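What follows is the residue order along each chain.
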Amino acid sequence: MGKQNVIVPDQWVDSMRASSPTHAKAAAVLSGSQEASHDDEYHKWVKQYPSALSNFDDIFAASKGIQIVMFLDYDGTLSPIVDDPDRAFMSDAMREVVRDAARHFPTAIVSGRCRDKVFRFVRLRELYYAGSHGMDIKGPSKTTKHTKAKRKGVLCQPASEFLPMIDEVYKTLLQKTELFPGSRVENNTFSLSVHYRCVDDKILSSLFEMVESVLEDYPELRRTSGKKVLEIRPSINWDKGKALEFLLESLGFGDRTDVFPVYIGDDCTDEDAFKVLRDRGQGAGILVSDIPKKTHASYSLREPAEVKEFLSRLVEWKRLPSSKNKYKDAMS
């Protein structure tokens, strides 16, 4: 049976174009009165999803005697979004504050990237790493007070059977994207990313149609979207939310009430984790965004610099006496 023409809806193309505007386009959109309008929109939005910095005391008010567990996305959360995904480096200062946080709390990086690549960016052996949207999880290679020996080797790869298929699609897309200057295919082992941040808007529709056409032959795979990226992953019941639950279970907090998970992320794939926290009625989901958007998170931060400040405050709060008043005096 011959392949049918793939039609990508105009609404989908428009939403993909707008998912993460280029700096030049963003500057044009936010000029003059439009900039004021954007600020008004943001201020209304932040009332619904208040700043995690401004509401720090409220977030942790009831956390005495409760174990905090940190979950952090990478791109756009610990590092800035950049045109070249291979150059999404985190700062030394950010690395140091994440290391400090891991000394006090079990800490995991949950990313759409290949686990090994995220580790090369972060370079902290005391963390848990969940790559490929949580489909490749491994525990710390360095023992800390939070990582008992039996937990060091935590390993979860629920999509291993899809590896040959993922590799096959990767080779096909690698060849076909040569016709689309600026596009880039990233192999995340258990998933693929088609980056189009540097692709001319005039050929975006054709690029999307090509990707959809390739996936027609692989109904076991699904396509999701992120910031200037198409994500291709196995159609299994697993995502960043499932990874969060798996890690909590591995740490011994699966059914316990004395745990406070904090998940910080910036992309739509992080929404699965935010939703898990809402459904559990535990912890705090924090969306990193300076653009108003619908989210399952409870709080917000504007950019990685605010994530760094939030983590610094959290470490300082842990070091100080548990009295909330003493903490307020120290931060004032």
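Refer to the structure presented above.
(A) Representation of the nonpolar core within the structure. Formed by 54 residues in total, the largest nonpolar core has its most connected members in Phe-71, Leu-173 and Leu-221. In terms of residue count, the dominant contributor to this core is helix H9 (residues 204-215) (seven residues). With near-sequence residues (within four places) excluded, Leu-221 lies in contact with Phe-162, Met-165, Ile-166, Val-169, Leu-215, Ile-232, Arg-233, Pro-234 and Ser-235. Among the nonpolar cores identified, the runner-up in size contains 39 residues, and Val-122, Val-262, Phe-310 and Val-315 belong to it.

(B) Just helix H10 (residues 240-250), in detail. Within H10 the residues assigned to the buried category are Lys-240, Gly-241, Ala-243, Leu-244, Leu-247 and Leu-248. All buried residues of H10 fall inside an arc of 160° around its axis, so they share one side. Residues of H10 that are buried sit in contact with strand E1 (67-72), strand E2 (107-110), strand E3 (128-131), strand E4 (136-138), strand E10 (259-265) and helix H11 (271-280). With a side-chain oxygen positioned 2.9 Å from the backbone nitrogen of Gly-241, the residue opening H10 is Asp-239. In the segment just after H10, Gly-252 is the residue with positive phi, at about 90°.

(C) Broad picture of the pattern of salt bridges. Scanning all chains against the criterion turns up 19 salt bridges. For the salt bridge of Arg-115 with Asp-136, the shortest nitrogen-to-oxygen distance reads 3.2 Å. One end of the pair, Arg-115, is in helix H6 (residues 115-122); the other, Asp-136, is in strand E4, and 21 residues separate them in sequence. Each member of the pair, Arg-115 together with Asp-136, is buried. The partner of Arg-223 in a salt bridge is Glu-212, and the shortest N-O contact between them spans 3.1 Å. In this pair, Arg-223 sits in strand E8 (residues 221-226) while Glu-212 sits in helix H9, placing the two residues 11 residues apart along the sequence. For Arg-223, a relative accessible area of 26% corresponds to the partly exposed category. In this structure Glu-212 comes out as partly exposed when scored by relative accessible area, which is 22%. Each of Asp-75, Asp-84, Asp-86, Arg-113, Lys-117, Arg-184 and Glu-186 takes part in salt bridges that share partners, so that together they form one network.

What counts, and at which threshold
- Residues numbered from 1 in each chain as written.
- Predicted model: local features only at pLDDT ≥ 70, side-chain atom pairs only at ≥ 80, totals over all residues.
- Heavy atoms only, no water.
- Core = buried A, V, L, I, M, F, W, Y, C linked by side-chain atoms within 4.5 Å.
- Buried < 20%, exposed > 50% of the residue type's maximum accessible area, 1.4 Å probe, protein only.
- Helix = DSSP H or I, 4+ residues; strand = E, 2+ residues; numbered from the N terminus.
- Contact = heavy atoms within 4.5 Å.
- Arc of directions from axis to C-beta.
- Polar contact = N/O pair within 3.5 Å; in protein donor to acceptor, adjacent residues only side chain to side chain.
- Salt bridge = Lys/Arg side-chain N within 4 Å of Asp/Glu carboxyl O.

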